Amino acid sequence: MATVHVNGQAVDIGTEKLNLIEAADRGGVFIPHYCWHPALTVVASCRMCLVEVGDTQPDGSVKMQPRVVPACQTPAKDGTVVVTNSERAKYAQAQTLESLLINHPLDCPVCDKAGECQLQDYTHKFGRAESRMIDEKFAPPNKPNIGAQIELFTDRCIMCTRCVRFTREISGTAELLVNHRGEHAEIDIFPGQPCDNKLAGNVVDLCPVGALCSKDFLYKQRVWYLKSHDSVCADCSTGCSVHVDENKDILYRLRPRENPLAQGHFMCDEGRFGFHYVNSKERILRPQLRRDGKLIPATWEDVLPALRRDIAQAVKQDGSAVVAVLSPFLTCEEGYLLARYFKSLSGEVRLALGPVPTVGEDDTYPKDRHGKPVEPVKFTIRAEKCPNRRGVEEVLRHFQGEVIGFDDVVRLSGEGRLKAVYAAAGYPPRPGGWVSAEQAAALAKTPLLVVQDILPSPASALAKYVVPAVSFAEKEGTFVNHAGLAQGLRRAVKPPAECHTDGQVFLDLMERRGLVHAPTIRAELARDVPFFAPLASGTIDALGVMLK
Amino acid sequence: MPEYEPVLLRRVGRPNSQSIDTYRADGGYRALEKAVAQLTPEQVVDQVKASGLRGRGGAGFPTGLKWTFLPKNHPGPIYLAVNGDESEPCTFNNRVLLEEDPHQFLEGVILAAYATRAWVAYIYLRYEYGRCYRTLEKAVAEAYAQGLLGRDILGKGFHLDVHLARGAGAYICGEETGLLESLEGKRAWPRVKPPFPAVEGAFRKPTVVNNIETLACVTHIIDRGVDWFKSMGVPPDPKNPRDPGSYGPKLYNISGHVNKPGTVELPLGVTVRELIDKYGGGVWKGRKAKGAIPGGISMGIMTEAEFDTPLDFNGPGKVGCLGLGTGAVTVFDEQTSIADVLYNITRFFSHESCGQCTPCREGTGWMMKMADRIRRGDGRLEDLKILEEIGNAIGIMPGTTICGLADGAGWPVKNAIKKFRPEFESLIRAGTKSTSLQLVSAH
């Protein structure tokens, strides 16, 4: 057991190997830092985390080092004494901040980072009120094309080199480098080789100041208007924990949320920039039903009873000719409600798993310079481009023991052997789409085709009923990732006015009263399906729960 | 003091002094043969340790002690990196050694490799030393041809390969870990220590980094013995328990406003005044000196009144300078404006700061801007206060940077302000513009 003394307060750090920033954090003392990042190597170059350090001698006295030392580089040992609030430590930190602002343009009013900028925050907390520099600042030109998604505001850079280390250590693609020397040092790329790897967006999050900005988000919102919600990225089965940032129910960006159980510190660009369909104008905004061969908008009051009636009728004719397709984009709770609804109509109704979009192989990072993956793997973009295949499969297994594939549904429908297909799709628009025109034509041979989806597809064009679905950002529930980690999805934005969440639609179909409440249904699910038993309390904390 | 007979420079100027044949004719490689035949590596280390040899590169760290920091019974490889990135302004003693007598140095390299059990020696030369590189390249080839390098040297089962590496023109490559990074083909950003190079150096293997002049001294310690080496220099200061003494010969460079600039070899402890008057031919144009830089500009500035300070490892520290440094004395005469001196110094460090640590990267640039403003007659009295504050706040001594470049950048600034404050104040008050030529902008 090791005890570290932080500003006079004893902090027990157990047997963990920590540096002084982490150890002080355990004691509730924040040591400002720029270049240090838990996922990157230590360079100790920003000199922001300077503190006074001493060791407890065997006789109990404390011997302080004669100089300030960087906390990021100093291991916490038993008896280490850290002082962050002495005059000397505070002077060193203020001095570093004054230095950082010497060539910083202080263009906060037009800087995208203002409001969440660590240079602002630290200067406010630890810096001096005024700069004593009266000379001209060095202002290198911006580099708007440092990456397809990234712009570099060169003059704002504080040379923490986090971005450079990220491309060398995590993505392994090493596009970014430091060019020139001294105060003229700047981040750059090799000519003609922009920073376009699939993890490139992370350098924007890593940048503690407004130097690296995401073009996708640039000048869209002032960050202090944004509200942040903990959620899960729905773009692959890694299930990265994310912050969903929105303002007035418009989704503006996704940022990775640190989660050692899910993905670590980062997320890929597919997920990061793949959310725009949520704000799309093309979305299915209200239920529609086919009348005289044409889809016409309808109200929920008309559609729901009609839908219930048609489904009940089909089940009465032949329960085994009714299929519910559960897409891997449904939450576990939604899958559970839909499965329960259909199985309550008849045990013969078949439940199928919707198409599982798969693209290539799992893509692991870092890469070497030839693009070959290198061990140890630090980040994986999975080939399976959906968030919840495992969760939905477990629900299906519970209700019917086996999982029927989507291809079987298409085949049976094409042979005209089905009476009703309820496709709960909810797929995001991705190249190829979830259903091809041929598959849609085959599905359309079923007299009662219900398609619940976010955006129009070949299938929705041919359906008898079209029901709007909502995206991951608009609903609550549980996703189970490739490794069996159950993570809670929290609603970040309201769905379009006439859209009901998928879970609400299923509740209404079941004629169960009330609004959908994920924790309640999660508790029911945990009670009924043994795989989900660890979720019995109904709540999931920020890091999720490992199911096995 | 009787006239000193040079040892390191004894062959300088002789015909064909670079060739291995003349070197051997003058008794060259005798020390190596003796060491390999009679001494174990440990005994060589002990002899160097006993001689009190201190690194000639600037910091003055005891060489023998440095060698003992290598891990014991390491399976290898162990590397020897030779620091020939002699970039301190006005310093050129390595250049003389390499251009005139490369084998004397090479013998030291082989001896050091024998003592430290290094298999490979990398000799890192600054880019500007083209002639040194070519001379050394030839010398290495000659040594290989005569079996003094390569496999099974002198039939004693000890191997050594020597590789020459050239920098790309950065001062920071003279910092030992910056040098190792550059050697590995990376940007020469000094590493955070620990681990020190003796534990994890070039290519993450134990590495000894030594200066060229240091290794040339090793040759003579083995050849002439420890007693010869200790017969000259300055014994430890009894009042300073951490002073191991300054023994042996040292090359001093004299430059600046003197009549006869050049390199002389003298026992450690000669005074600045003696160097200027006796060996440098006095201050030029019959003028008086205003001050001098005692050992490369990172060591600070001495005023004329302090010229009786002995130039050993301890002496310059007594008058507020950083240390002996490289032993390169640069004199500026009484007509030189201190504002110009300060600007020249700050400009150099601003140009050469590697850009890694914030206080140095930004501090050196800021100091240059202030020095430039003072020089242009737009200075403010508070600039002096800020300059002094930065000078005190940057470096490894206050703990704000990774390497010693910032200490060297801050030291002459605070020395200049402290020792020439009245002149600065009168320049600033009068708004005097410098009349000297504008230095070409380096960037």
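## Some thoughts on the sheet that holds strand 12 (residues 241–247) of chain A
All names here are of chain A.
1) Next: If you walk across this open sheet you meet the three strands as 11-12-13, and the pairing is antiparallel. At either margin of the open sheet sits one strand with a lone partner, and together these are strand 11 (227–232) and strand 13 (250–256). For this sheet the average axis-to-axis angle between neighbouring strands, irrespective of direction, equals 30°.

## What about the pairing of strand 6 (residues 80–83) of chain A?
All names here are of chain A.
1) Next: Side chains Thr80 and Val82 of strand 6 all project onto a buried face; the interleaved residues Val81 and Val83 project onto the opposite face, where all are buried too.
2) Next: Where strand 1 (residues 2–6) and strand 6 come together, two bridges link them in parallel fashion. Across the sheet, the residue bridging to histidine 5 is valine 81, located in strand 6.
3) Next: As paired elements, strand 3 (residues 50–56) and strand 6 share four bridges and run antiparallel to each other. Note that in strand 6 the partner of aspartate 55 across the bridge is threonine 80.

## Quick word on helix 3 (residues 41–51) of chain B
Residues and elements named next belong to chain B.
1) Next: Residues Pro41, Val44, Val45, Val48 and Ser51 constitute the buried set of helix 3. Down the axis of helix 3, the sector holding all buried residues measures 125°, keeping them to one side.
2) Next: Those residues of helix 3 that are buried lie in contact with helix 2 (30–38), helix 4 (63–68), helix 6 (102–116), helix 9 (212–224), helix 10 (226–230) and strand 6 (246–247).
3) Next: Glycine 52 sits one or two residues past helix 3 and shows a positive phi near 75°.

## A few points about the sheet that holds strand 11 (residues 328–333) of chain B
All names here are of chain B.
1) Next: Taken in spatial order, the five strands of this open sheet run 8-7-11-9-10, and their pairing is mixed. The strands lining the two open edges of the sheet, one partner per strand, are strand 8 (262–267) and strand 10 (302–303).
2) Next: Pairing of strand 9 (residues 289–293) with strand 10 involves two bridges; the strand directions are antiparallel. Residue pairing across strands places alanine 292 opposite methionine 302, the latter belonging to strand 10.

## Things to note about the domain arrangement of chain B
All names here are of chain B.
1) Next: Considered domain by domain, chain B is made up of domain 1 (20–231), domain 2 (246–333) and domain 3 (338–442).
2) Next: Its C-alpha centre places domain 1 at a distance of 35 Å from the equivalent point of domain 3.
3) Next: Each partner contributes to the roughly 890 Å² buried at the junction of domain 1 and domain 3, and carbon and sulfur atoms together form 71% of this total.
4) Next: On the domain 1 side of the interface with domain 3, the three residues burying the most area are Tyr171, Ile172 and Trp189, jointly 54% of the side's total.
5) Next: For the interface between domain 1 and domain 3, the tally reads zero salt bridges.
6) Next: For the interface between domain 1 and domain 3, the tally reads four residue pairs in polar contact (both at pLDDT 80 or more).
7) Next: Here the residues of the side of domain 1 that touches domain 3 are counted per class, giving eight nonpolar, one polar and four charged.

## Some details on the pattern of salt bridges
1) Next: Taken as a whole and assessed by the stated rule, the structure comprises 73 salt bridges over all chains.
2) Next: In this structure, A:Arg309 and A:Asp310 form a salt bridge, with 3.9 Å as the shortest nitrogen-oxygen distance.
3) Next: A residue is classified by how much of its surface remains accessible, and A:Arg309, at 52% relative accessible area, is exposed.
4) Next: Taking the relative accessible area as the measure of exposure, A:Asp310 reaches 13% and is therefore buried.
5) Next: Measuring nitrogen to oxygen at the nearest pair gives 2.8 Å for the salt bridge that ties B:Arg421 to B:Glu388. Remark: B:Glu388 occurs in helix 15 (residues 381–393) and B:Arg421 occurs in helix 17 (residues 421–430); sequence separation between them is 33 residues.
6) Next: What makes B:Arg421 partly exposed here is its relative accessible area of 28%.
7) Next: Put simply, A:Asp135, B:Arg373, B:Arg380, B:Glu382 and B:Asp383 are held in one network by salt bridges that share partners.

## Structural notes on the interface of chain A and chain B
1) Next: Listed by partner, the interface residues are 36 residues for chain A and 36 residues for chain B.
2) Next: The largest share of the area that chain A buries against chain B comes from A:Arg132, A:Arg181 and A:Glu183, three residues that together contribute 24% of it.
3) Next: Linking chain A with chain B are four salt bridges, by the criterion used here.
4) Next: For A:Asp135, the salt bridge is made with B:Arg373, and the minimal N-O distance between the two is 2.4 Å.
5) Next: Here chain A is connected to chain B by 22 residue pairs in polar contact (both at pLDDT 80 or more).

## What to know about the environment of A:Asn179
1) Next: With respect to the helices, strands and loops of the structure, A:Asn179 is situated in strand 8 (residues 176–179).
2) Next: Taking C-alpha positions, A:Asn179 is 21 Å from A:Gln149, a pair spaced 30 residues apart along the chain.
3) Next: Other than its neighbours up to four places away in sequence, A:Asn179 contacts A:His184, A:Ala185, A:Glu186, A:Asp188 and B:Arg187.

Scoring rules and cut-offs
Residues numbered from 1 in each chain as written. Chains lettered and ligands numbered in written order. Predicted model: local features only at pLDDT ≥ 70, side-chain atom pairs only at ≥ 80, totals over all residues. Heavy atoms only, no water. Pairing = 2+ DSSP bridges. Helix = DSSP H or I, 4+ residues; strand = E, 2+ residues; numbered from the N terminus. Axes fitted to C-alpha atoms, helices over the stretch in contact; angles between N-to-C directions. Buried < 20%, exposed > 50% of the residue type's maximum accessible area, 1.4 Å probe, protein only. Arc of directions from axis to C-beta. Contact = heavy atoms within 4.5 Å. Domains from an automatic or database assignment. Buried area = accessible area lost by both parts, 1.4 Å probe. Salt bridge = Lys/Arg side-chain N within 4 Å of Asp/Glu carboxyl O. Polar contact = N/O pair within 3.5 Å; in protein donor to acceptor, adjacent residues only side chain to side chain. Nonpolar A, V, L, I, M, F, W, Y, C, P; charged D, E, K, R; others polar.

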